[in-house]
Amino acid sequence: MANHKSAIKRHKQSQERRLRNRMNKSKMNTAVRRVEEALVAGVEDAAQEALKVAIPIIQKTAGKGTIHKKTASRKISRLTGRVNRMMPIG
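Treat the numbers as computed from the prediction; the structure is a model and nothing was measured.

### Concerning the side chain of Thr-66
Thought 1: Tracing the backbone shows Thr-66 in the loop between helix 2 (44–63) and helix 3 (69–86).
Thought 2: Discounting chain neighbours no more than four positions away, the residues touching Thr-66 are Asn-21, Asn-24, Lys-25 and Thr-61.

Pasting the structure below:
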């Protein structure tokens, strides 16, 4: 543990940030999991609704700096592609 005042404060701040990042990432992973569960179940409407909910959560997680913006973009792109491939053409 740190011995001087600024190091103690820095340690406390890093713990708070770690918990905040963990909470945001957990929300994101839950949203992604719901999309994947709908895909596995084969329910198109549920997959589309879950994707509509997941996209803003992923973007918000990136906006807060918990994950990189390009990682968020990649996740959204891959999920969207999987949902679109599930849908019939025409």
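Having put the structure on the table, let's press on.
### A word on the pattern of salt bridges
Thought 1: Here the structure, examined in full by the defined rule, presents 2 salt bridges.
Thought 2: With a closest N to O distance of 3.5 Å, Arg-82 and Glu-36 form a salt bridge. One end of the pair, Arg-82, is in helix 3; the other, Glu-36, is in helix 1 (residues 5–41), with 46 residues separating them in the sequence.

### Section: a positive patch on the surface
Thought 1: Together, Lys-5, Lys-9, Arg-10, Arg-17, Arg-20, Lys-27, Lys-60 and Lys-64 make up a region of like positive charge exposed at the surface.
Thought 2: Sort the elements by how many residues they give to the positive patch and helix 1 lands first, with 6 residues.
Thought 3: With respect to the helices and strands, Arg-10 occurs in helix 1.

Calculation rules
- Residues numbered from 1 in each chain as written.
- Predicted model: local features only at pLDDT ≥ 70, side-chain atom pairs only at ≥ 80, totals over all residues.
- Heavy atoms only, no water.
- Helix = DSSP H or I, 4+ residues; strand = E, 2+ residues; numbered from the N terminus.
- Contact = heavy atoms within 4.5 Å.
- Salt bridge = Lys/Arg side-chain N within 4 Å of Asp/Glu carboxyl O.
- Patch = residues over 30% accessible without salt bridge, like charges linked within 9 Å, V, L, I, M, F, W, Y side chains within 5 Å.
- Areas by Shrake-Rupley, 256 points an atom, 1.4 Å probe, with all protein chains shown as cover.
- Lys, Arg positive; Asp, Glu negative; His and termini not counted.
- Charge placed at Lys NZ, Arg CZ, Asp CG, Glu CD.

Remember that the coordinates give geometry; whether it matters functionally is a separate question.
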